[in-house]
Amino acid sequence: MVCAKLAGIAALRDTENMKDHGAMDTVSFVDAGYTSTVDNKNAVRVTKGAINYLARTSHNFIVIEFGDGILGEYGVMEILKDAMIQKNIVAHVGCAHDPPGALELARICDQIKVPLTVIAGPVTDNSVGIDFVKQRLKVPGFNAKTSGKEMFAYIKENFMRNVKIRGV
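What you see is a predicted model; the values in this text were computed from it and never measured.

Asker: Teacher, can you tell me more about the sheet that holds strand S3 (residues 62–66) here?
Answerer: By definition, the strands of a sheet pair up through backbone hydrogen bonds, in either a parallel or an antiparallel sense. The parallel open sheet is built from three strands, whose spatial order is S2-S1-S3. The open sheet has two edge strands with one neighbour each: strand S2 (26–28) and S3. Taking each pair of neighbouring strands and ignoring which way they run, the sheet shows an average axis angle of 15°. Examined bridge by bridge, strand S1 (residues 2–7) and S2 share three bridges and lie parallel to one another. For lysine 5, the partnering residue across the bridge sits in S2 and is serine 28. Packing of helix H1 (residues 12–20) onto the sheet brings it into contact with S1, S2 and S3, and relative to S2 it is tilted by some 165°.

Written out as structure tokens, the structure reads:
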């Protein structure tokens, strides 16, 4: 597994945390010379560069973390709307704070044609939220802090078979 942090504010702790959890290589928008992706018109280009850099490895997949939500100012929406990037999305873990946020996330993902594989975030802090996500959105909800291994096992089992990293 290789990982990238491609939106948000520069924080070395993010890529170091990825390494602590098994990433063999990491890259961030900081490696492209940016301290933030806020109002950055190059977020898509930087994302493609990071994917192409990590695609040179022999690993099966890239985990990408965005330091903001789809509606934030860090360029995540533009990144996810890019057709070449979309072709490479195998699984997408979306995070929501509460049930209305989960509903809106699902609506936006459907609108921009990005799959929503799993919902995580504070909405999954209790069984009521997890049940809401499963029943209303028809995707599983996992609390990444308490059930991270189970979430990854679910994704691996259901979406990662025969995955090959490709450049964009």
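There's plenty left to go through after this.
Asker: Just to check I follow, could you spell out the packing of aromatic side chains for this structure?
Answerer: Between two aromatic rings, the relevant description is the distance of the centres plus the angle of the planes. Summed over the entire model, instances satisfying the criterion amount to three aromatic pairs. A ring pair is formed by phenylalanine 142 and tyrosine 154, whose centres lie 5.7 Å apart and whose planes are at 40°; its orientation type is tilted. Here tyrosine 154 lies in helix H7 (residues 144–159) and phenylalanine 142 lies in the loop between helix H6 (127–137) and H7, a separation of twelve residues in the sequence. What makes phenylalanine 142 buried here is its relative accessible area of 15%. For the ring pair tyrosine 154 and phenylalanine 159, a centre distance of 6.1 Å and an interplane angle of 65° mean the geometry is edge-to-face. Ring-pair connections join several aromatic residues into one group, and the members of that group are Phe142, Tyr154 and Phe159. One cation-aromatic arrangement involves arginine 56 over tyrosine 53; the distance from NZ or CZ to the ring centre is 3.9 Å.

Cut-offs applied
- Residues numbered from 1 in each chain as written.
- Predicted model: local features only at pLDDT ≥ 70, side-chain atom pairs only at ≥ 80, totals over all residues.
- Heavy atoms only, no water.
- Pairing = 2+ DSSP bridges.
- Helix = DSSP H or I, 4+ residues; strand = E, 2+ residues; numbered from the N terminus.
- Axes fitted to C-alpha atoms, helices over the stretch in contact; angles between N-to-C directions.
- Contact = heavy atoms within 4.5 Å.
- Phe/Tyr/Trp six-rings, centres within 6.5 Å; stacked < 30°, edge-to-face > 60°.
- Buried < 20%, exposed > 50% of the residue type's maximum accessible area, 1.4 Å probe, protein only.
- Lys NZ or Arg CZ within 6 Å of the ring centre and 35° of its normal.

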